[in-house]
Amino acid sequence: MQNIDVEKRIDEFMTWVEKRNPNEPEFLQAVKEVATTVIPYILTNEDYDGMKLLERMTEPERVIIFRVVWQDDQHEVQVNRGYRVQMNSAIGQYKGGLRFDPSVNLSVMKFLAFEQVFKNSLTTLPMGGAKGGSDFDPVGKSDPEIMRFCQAFMTELAKHIGPNLDVPAGDIGVGAREVGYLFGQYKRIRNEFTGVLTGKGLAYGGSLIRPEATGYGVVYFCEQMLRTIQQEIKGKIFTVSGFGNVAWGVIKKIDQLGGKVVTISGLDGYIYDADGISGEKIDYLLTLRNSGNNRVEDYLLKYPEAIFHAGKKPWEVKCDVAIPSATQNELDLEDAKTLVENGCICITEAANMPCTLEAINYFIDHKILFSPGKASNAGGVATSGLEMTQNSIRMNWTADEVDAKLKAIMVNIHHLCQEYGQEADYVNYVKGANIAGFVKVADAMLAQGLV
C-alpha cells in the first residue's frame, strides 16, 4: 500500500471529523493522534477496512449537557454547566471521571471520553469510556458550597448513571470530599446503596491505594519502559509537574523504588529541590493539596532550601526521566527539545494528553522512550475497576493485594504496547497503545452489529 493512500485516508477522515466537531481543538487533537497510527493498521485488515469503526468511535453514543443551579454562602444563586459524554460501551458499562474546573467545556469532555475508551480497553477490564464534569471551580469555595454544588450536580446526573450503566469517578477538582457528597446525594435520590461511584472513602466501599493508584501505575509502566533499554528507576533523576493526587502517587512510588524527584509545579510556577522530594516532604505535598491550596510556592514555607521559579515549567531542569502530571498540552515542542538536549531518556505521561502532538513527534523522531497517557496513566481507572469488583463481591482486598493486581495490569498494558508498537530498534508506544486499545473495542463492535 502506497504512503500517499494512507495519508489521503487520514486527511479525509480528519476533514470529516473536523466538519462534524468545529471549534473543539482538544477533541480534534486527541482524534488525530489516534488516527495517524490506527488508520494505517485498519487499511491492512480486511475485517476492519470499510466498516467505519473509527468514525463510529469518534461519535459519542450519548452527550448529556445540563444546568446546575446552586446557592453560595452569600445566598447568591449561581449557575454552572454540567456534562456527561458517554462515548462507547462496546466492552462494558461507561466508566470515566468527573472534572470540576473552569477549563471544562464540551471539547475537553469529548477528548477525555475518547481517550478513556482506549485507556479502559488497555486495562483488559470490561469498561467502556465516558467522561463528565462541570465548569465549577472548587478552589476557594467553602465545604457547604461544595456540598450544595455536588448535590445539585448529582440531582441531574443521577438520571443518567448506575452501577450497570455508567460509573463515574473523580478527576481534577473531584477528590474524596466531592465523591462523598456526590455519592450521598445519589443514595438519597435513588434510595439504594450501590457502587455507582469509584474513589469512595474506605468507610463506604472505597478501595485501598485508590488515591495513589494513577501515580503508582505510571511509575510501574515507566519501570517497564526503562527495562527495554536495560535501565532502572533506582538512581535516576525525575522531573514531575503538578502536585495533586497523581503527582503525589508518582513521587511516592519513585521514592520507594530509589529514584529522586526534584520538581513539582502549579499554576504559579515550579519548585526545584536539589535534595529530592522524599519522606515527610511527600506528606507535606498532600497536606498542601488537601488544604485547597494551588500555590506550590508555599512548599518554601517548610523547606526554604528549595528554589521557586515563578511562572515557569519544570522541563528546563536536567533529568533522566520527565513525568508530566498536571494537565493537557503542558509540554510543547520547545520543552521537548530542551529535555532531549539535557539528556532525558524517557517521558512517561501521567496526565491526559499533557504533551502536544509536535512534542510527541519530536520524541519519537529522536527515538526517546515516550508513553501516551492512555497507556501509562491507566492505573487509576484500573484500580477503579478493582474497586467495582470489590463492591460487587462485597469484599475488601488489602493494600498489598490491590497494589499487586495494579502492577500486573500495568505490566500487561506495557506488553500489549510492545506487541503492537515494536519497530526495528524502538518501541513506538503511541502506535502500540492506540492499536491495542482499538482492536479490542473494534472486535466487540463488529460482534455486536451496527452499534
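About the criteria used
Residues numbered from 1 in each chain as written. Predicted model: local features only at pLDDT ≥ 70, side-chain atom pairs only at ≥ 80, totals over all residues. Heavy atoms only, no water. Buried < 20%, exposed > 50% of the residue type's maximum accessible area, 1.4 Å probe, protein only. Helix = DSSP H or I, 4+ residues; strand = E, 2+ residues; numbered from the N terminus. Arc of directions from axis to C-beta. Contact = heavy atoms within 4.5 Å. Pairing = 2+ DSSP bridges. Axes fitted to C-alpha atoms, helices over the stretch in contact; angles between N-to-C directions. Phe/Tyr/Trp six-rings, centres within 6.5 Å; stacked < 30°, edge-to-face > 60°. Right-handed = clockwise from strand over helix to strand, strands pointing away. Parallel < 35°, antiparallel > 145°, perpendicular 65-115°, else oblique. Nonpolar A, V, L, I, M, F, W, Y, C, P; charged D, E, K, R; others polar.

1. Some words on helix α9 (residues 280-290)
Within the sequence span of α9, burial applies to Lys281, Ile282, Tyr284, Leu285 and Leu288. Projected onto a plane normal to the axis of α9, the buried residues spread over an arc of 155° and lie on a single side. Across from the buried face of α9, at angles greater than 90 degrees, the exposed residues are Glu280, Thr287 and Asn290. On its buried side, α9 packs onto α8 (245-256), β8 (263-266) and α10 (299-302).

2. Overview of the environment of valine 402
Residue placement: valine 402 occurs in helix α15 (residues 399-421). Given the relative accessible area of 0%, valine 402 is considered buried. The sequence separation of valine 402 and alanine 213 amounts to 189 residues, and the corresponding C-alpha distance is 9.3 Å. Apart from the residues within four sequence positions on either side, valine 402 is in contact with Ser207, Leu208, Ile209, Thr383, Leu386, Gln390 and Trp397.

3. Observations concerning the sheet that holds strand β1 (residues 62-71)
Taking strand neighbours across the sheet as the criterion, the five strands line up as β1-β2-β4-β3-β5 in an open arrangement whose pairing is mixed. In this open sheet, the two edge strands, each paired with only one partner strand, are β1 and β5 (166-169). Adjacent strand axes in the sheet meet at a mean angle of 20° when their direction is disregarded. The pairing of strand β3 (residues 94-100) with β5 spans four bridges and is parallel. By the bridge assignment for β5, glycine 96 is matched with proline 168.

4. Digging into the packing of aromatic side chains
The geometry of an aromatic ring pair comes down to the distance between the two centres and the angle between the two planes. Enumeration according to the criterion identifies 21 aromatic pairs in this entry. On the basis of an interplanar angle of 85° and a centroid distance of 6.0 Å, the ring pair of phenylalanine 27 and phenylalanine 114 is categorised as edge-to-face. Residue phenylalanine 27 is found in helix α2 (residues 25-42), and its partner phenylalanine 114 is found in helix α4 (residues 106-123); the two are separated by 87 residues along the sequence. Ring geometry for phenylalanine 221 versus tyrosine 429: centroids 5.8 Å apart, planes at 65°, classification edge-to-face.

5. Section: the side chain of glutamate 223
Along the chain, glutamate 223 falls in helix α7 (residues 210-227). Looking at glutamate 223, the relative accessible area reads 7%, which means it is buried. Setting aside residues up to four positions removed in sequence, glutamate 223 forms contacts with Ile233, Leu257 and Lys407.

6. What to know about the pairing of strand β6 (residues 237-240)
Of the strand pairs in this sheet, β6 and strand β7 (residues 260-261) are connected by two bridges, and their pairing is parallel. What sits directly across from isoleucine 237, in β7, is lysine 260. A crossover connection joins β6 to the parallel β7 through α8; in handedness this β-α-β unit is right-handed. Where β6 lies against strand β11 (residues 321-323), three bridges are found, and the strand directions are parallel.

7. Description of the packing of α2 against α4
At their nearest, the axes of α2 and α4 sit 6 Å apart, and the two run at 25° to each other. If you check the angle between α2 and α4, you find them roughly parallel. Touching Pro25, Glu26, Phe27, Ala30, Val31, Glu33 and Val34 of α2 are Ser107, Val108, Lys110, Phe111, Phe114, Glu115 and Phe118, all from α4. When its residues are assigned to classes, the contact of α2 with α4 shows nine nonpolar, one polar and four charged.

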